[in-house]
Amino acid sequence: MSSTMPSLVPRPLLPVLVVVTVLLAGLLVATARAEAAETLLSQGRPASSSSKEGSSYSSGKAVDGDLTSTRWASQEGSDPQWIRVDLGAVFPISRVKLFWEVAYGRAYKIQVSGDAANWTTVYSTSGGDGGLDDLTGLSGSGRYVRMYGTARGTDYGYSLYEFQVFGGGTSTPSPTPTPTPTPTPTVPPGDTFVVAAAGDIAAQCTASSSSCAHPKTAAQVQALNPEFVITMGDNQYDDARISDFRNYYDKSWGKFKSKTRPAVGNHETYDPAGTYAGYKAYFGSLATPQGKTYYSYDRGNWHFIALDSNYFDQQAQLNWLRSDLAANTKGCIAAYFHHPLFSSGEHGNDPVSKPVWRILHAAGADLVLNGHDHHYERFAPQNPDAQADPDGIVEVLGGMGGASPYKIENVQPNSQKRLTNTFGVLKLSFAPSAFSWQLIGIDGAVKDTSPTYACH
């Protein structure tokens, strides 16, 4: 055996190594170029959200580059919620990273838009598990990108340490100015807002009686601290005199009088001083803000209509309703009045409301709130002929504000949930294109939670 050891790398292999080295270098350059093409677009850009848990958890905290300390958090216990970022110009979007805090989204969508009004979904999941969601291979373009959460993974809200959006282009174009919307007095545009609602409220009793319910439902309204309060008629029993309003209703629900948007019931007509005399004297201009006992107003993307179901047989109100709906520019519609078209309670279905339902249904209304029967009931979307209809109206009967409960007698088609002998208030959550609610009992417990419905 020769004592001369051969070279470990034969000479013919050296050119191959050179070629491999060159190829690797080219691959690294190509990779670097590919990575450079995927630019982080969202950091430091303006952001907004459907809600925030508090001033320390604003939407801007999710695009500030801090992955561990600062975060956005929505209000707790409510779906849907969203956060969006304004990229300043239209970009192709290829990747989104979501750095979840403990409060994560189980079901959510990533959506893009050019105008923050019309959205295209580029990613959707119903099996989120928190942590880091690195969503690659997305295909879509937009100036605005949002995470739209429809189902929470915990009992909390949604919370992101960081919301990162990546897209095409290595250069950053000069951003176009973000439009500044004109805000309503207390509801930031685009944010969700909470409304408390009930009908059939003040029996002739006060908090001095342990069996008196309306002070207890008022306490729940106060705890909710809603944007405003809706009443669905029969505000004061039995004859709705001004003296009764002052002695009973005012001692409980009167705390919210300035932000109440009332509707009348049949008991408001019984006043010996004249139909609606006590009601108008007590509520003042709130009773007839547009000169009639029916009126409308807007909040965010919602159009609200308060109607007088005692006079649905008069053409003037129906003509006004048609004109009001024709002039509406909002994307979502909610109406409220006393007499329900559908009810499983002692009063049952009230056909007086059918012409109004036909008008509302034709206009694409989303929600109707009623009282009259003293129980809680919610219905699946349906048309005025009681046929299940995904494009129909959701009816909620909330006549448990304080008057003596009524029995459930004849369960109606499409009725999904019924509760009697339960006093409480509706906690209605309105988002720009969706709504949901909970029934809050006088013990503060949630007695029922609705599905989340998208506006038509």
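These figures come from a predicted structure and were not determined experimentally.

Student: How should I be thinking about the environment of Asp-66 in this particular structure?
Tutor: Relative to the helices and strands, Asp-66 is located in the loop between strand E2 (47-49) and strand E3 (72-73). Taking relative accessible area as the criterion, Asp-66 reaches 24% and is therefore assigned partly exposed. Excluding its chain neighbours within four sequence positions, the residues that come into contact with Asp-66 are Tyr-161 and Glu-162.

Student: What am I meant to see in the sheet that holds strand E14 (residues 302-306) here?
Tutor: Hydrogen bonding along the main chain pairs the strands of a sheet, whether they run parallel or antiparallel. Overall, mixed pairing links the seven strands, which are arranged E13-E14-E15-E16-E18-E17-E19 in an open sheet. The strands lining the two open edges of the sheet, one partner per strand, are strand E13 (295-299) and strand E19 (415-419). Between one strand axis and the next, the sheet turns by 15° as a mean value, whatever way the strands run. Judged from the four bridges that link them, strand E16 (residues 367-370) and strand E18 (residues 394-398) form a sheet pairing that is parallel. Within E18, the residue paired with Leu-369 across the bridge is Val-396. Those strands touched by helix H5 (residues 315-327) are E13, E14 and strand E15 (332-336), and its axis lies near 170° from that of E14.

Student: How should the packing of aromatic side chains be read in this particular structure?
Tutor: Any aromatic ring pair is given by two values, namely how distant the centres are and how the planes are angled relative to each other. Scanning all chains against the criterion turns up 30 aromatic pairs. Geometrically, the ring pair formed by Trp-302 and Phe-430 is edge-to-face, given 4.7 Å between the ring centres and 65° between the ring planes. Note that Trp-302 is positioned in strand E14 and Phe-430 in strand E20 (residues 424-431), a separation of 128 residues in sequence. Accessibility assignment for this pair places Trp-302 and Phe-430 in one class, buried. Three or more aromatic residues joined by ring pairs make a cluster, and in this case those are Phe-193, Phe-228, Tyr-295, Tyr-297, Trp-302, Phe-304, Phe-430, Phe-435, Trp-437 and Tyr-453. Over the face of the ring belonging to Phe-166 we find Arg-95, whose NZ or CZ atom lies 5.5 Å from the ring centre. When the ring centre of Trp-119 is taken as origin, the NZ or CZ atom of Arg-146, which lies over that ring, is 4.2 Å away.

Student: Even after reading the chapter, I still don't get helix H3 (residues 242-252), so can you show me in this structure?
Tutor: Side chains that are three or four residues apart share a direction in an α-helix, a result of its 3.6 residues per turn. Turning to H3, its buried residues are Asp-244, Phe-245, Tyr-248, Tyr-249 and Ser-252. Considered in projection along H3, the buried side chains sweep an arc of 115° and stay on one side of the axis. With respect to the buried face of H3, the exposed residues turned more than 90 degrees away are Arg-246 and Lys-251. Looking at the packing, one finds that the buried side of H3 touches helix H2 (214-224), strand E11 (228-231), strand E12 (260-261) and helix H4 (277-283).

Student: In this structure, what is going on with the state of the cysteines? I would like to understand it.
Tutor: Note on terminology: disulfide describes a covalent bond linking the sulfur atoms of two cysteines. Per the counting criterion, the structure on display carries two disulfides. The partner cysteine of Cys-205 in its disulfide is Cys-212, sulfur to sulfur 2.1 Å. Across the S-S bond linking Cys-205 and Cys-212, the dihedral sits near 80°, which makes this disulfide right-handed. Residue Cys-332 pairs covalently with Cys-455 via a disulfide, S to S 2.1 Å. Across the S-S bond linking Cys-332 and Cys-455, the dihedral sits near 110°, which makes this disulfide right-handed. Of this pair, Cys-332 sits in strand E15 while Cys-455 sits in the segment after strand E23 (453-454); the two residues are 123 residues apart in sequence, bridging distant segments of the chain. For Cys-332, a relative accessible area of 1% translates into the label buried. The cystine pairing of the protein chain, numbering bonded cysteines in sequence order, is 1-2, 3-4.

Parameters at a glance
Residues numbered from 1 in each chain as written. Predicted model: local features only at pLDDT ≥ 70, side-chain atom pairs only at ≥ 80, totals over all residues. Heavy atoms only, no water. Helix = DSSP H or I, 4+ residues; strand = E, 2+ residues; numbered from the N terminus. Buried < 20%, exposed > 50% of the residue type's maximum accessible area, 1.4 Å probe, protein only. Contact = heavy atoms within 4.5 Å. Pairing = 2+ DSSP bridges. Axes fitted to C-alpha atoms, helices over the stretch in contact; angles between N-to-C directions. Phe/Tyr/Trp six-rings, centres within 6.5 Å; stacked < 30°, edge-to-face > 60°. Lys NZ or Arg CZ within 6 Å of the ring centre and 35° of its normal. Arc of directions from axis to C-beta. Disulfide = S-S within 2.5 Å.

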